[in-house]
Amino acid sequence: MKNHTFLFVYHFLISVDNGGFIHENVSGKKKVNNGKSVNDVLEKQTKAEEQKEQTEEKDKKKESTDTSENTGTEDVDYDLTEMNSDMVYATVYQMMVGPEQYEGKTIRIDGIYYISKDEATGNIYHFCVIKDALACCAQGLEFVRKNEEELPNEDYPEQETEIIVQGTFETYKEPNDETLYCRITDADMQIKK
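Residues numbered from 1 in each chain as written. Predicted model: local features only at pLDDT ≥ 70, side-chain atom pairs only at ≥ 80, totals over all residues. Heavy atoms only, no water.

A.B. asks: For the side chain of R145, give the residues involved together with the corresponding values.
C.D. replies: Looking at the secondary structure, you find R145 in strand β6 (residues 138-145). Only 2.7 Å separates the side chain of R145 from the backbone oxygen of D155, close enough to count as a polar contact. (Helix = DSSP H or I, 4+ residues; strand = E, 2+ residues; numbered from the N terminus. Polar contact = N/O pair within 3.5 Å; in protein donor to acceptor, adjacent residues only side chain to side chain.)

Here you go:
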């Protein structure tokens, strides 16, 4: 019995590793059934949830406009502060792999503040980092505050402080570097209460 269980687990692991399930046909030849991949399913579910949340967000915006409440988020295209942690993580991932659909959109995100300095160039970068629901994975968005050149370093919180950032999503390239980077510009940053 142990031998059969081992073989089943072994074949199952191989089939998962190959992205499909292995079947033997009558002639004894193995075929791989490449159904939808996990990424395809996750992407479909993510898009469906994003559309649902965007519809709900539009309804909320309409309600807040109707009641004349001013919360400061009326002009936000993607309010990640209203999403659960898995959706935030998935949305930030989508921003990294398909930034063109977010270009010029107003983004609102909350997360943990981190700062980084590039020793080669001396450039300082500020990030709002979010974690997934299990807190095993993290992604972050660089942000540049309004009038950042004029702000003293004291205007930034301690590292690992919870913050909220709102601004315009853009892509850019560093001099002598062909890598496309993403960030939130003209950002307002608040310490989360």
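A.B. asks: Residue-level account of the packing of aromatic side chains, with values.
C.D. replies: Under the definition given, this model contains five aromatic pairs. Members of the aromatic cluster, each reached through a chain of ring pairs, are Y78, Y102 and F169. Between R145 and the ring centre of Y156, over which it is positioned, the NZ or CZ distance is 4.7 Å. Above the ring of Y172, the side-chain terminus of R183 is found at 3.8 Å from the ring centroid. (Phe/Tyr/Trp six-rings, centres within 6.5 Å; stacked < 30°, edge-to-face > 60°. Lys NZ or Arg CZ within 6 Å of the ring centre and 35° of its normal.)

A.B. asks: Help me get a handle on a nonpolar patch on the surface, residues and values and all.
C.D. replies: The grouping of Y93, M96 and V97 at the surface amounts to a nonpolar patch, some 280 Å² of accessible area in total. Position of Y93 relative to the elements: it lies in helix α3 (residues 85-97). (Patch = residues over 30% accessible without salt bridge, like charges linked within 9 Å, V, L, I, M, F, W, Y side chains within 5 Å. Areas by Shrake-Rupley, 256 points an atom, 1.4 Å probe, with all protein chains shown as cover. Salt bridge = Lys/Arg side-chain N within 4 Å of Asp/Glu carboxyl O.)

A.B. asks: Which residues make up unusual backbone geometry, and what are the values?
C.D. replies: Notably, N176 is not glycine yet its phi reads approximately 60 degrees, a positive angle. Checked against the element boundaries, N176 lands in the loop between β7 (162-172) and β8 (181-191). Non-glycine residue D186 carries a positive phi angle of around 50 degrees. With respect to the helices and strands, D186 occurs in strand β8.

A.B. asks: So, the pairing of strand β5 (residues 124-131): which residues are in play, and what are the values?
C.D. replies: For a regular strand, side-chain orientation follows a simple rule: the groups alternate between the two sheet faces. With six bridges joining them, strand β4 (residues 106-117) and β5 adopt antiparallel strand pairing. Along β5, the bridge assignment pairs I115 with H126. Bridging between β5 and β6 involves six bridges; their strand directions are antiparallel. Residue pairing across strands places C128 opposite L141, the latter belonging to β6. (Pairing = 2+ DSSP bridges.)

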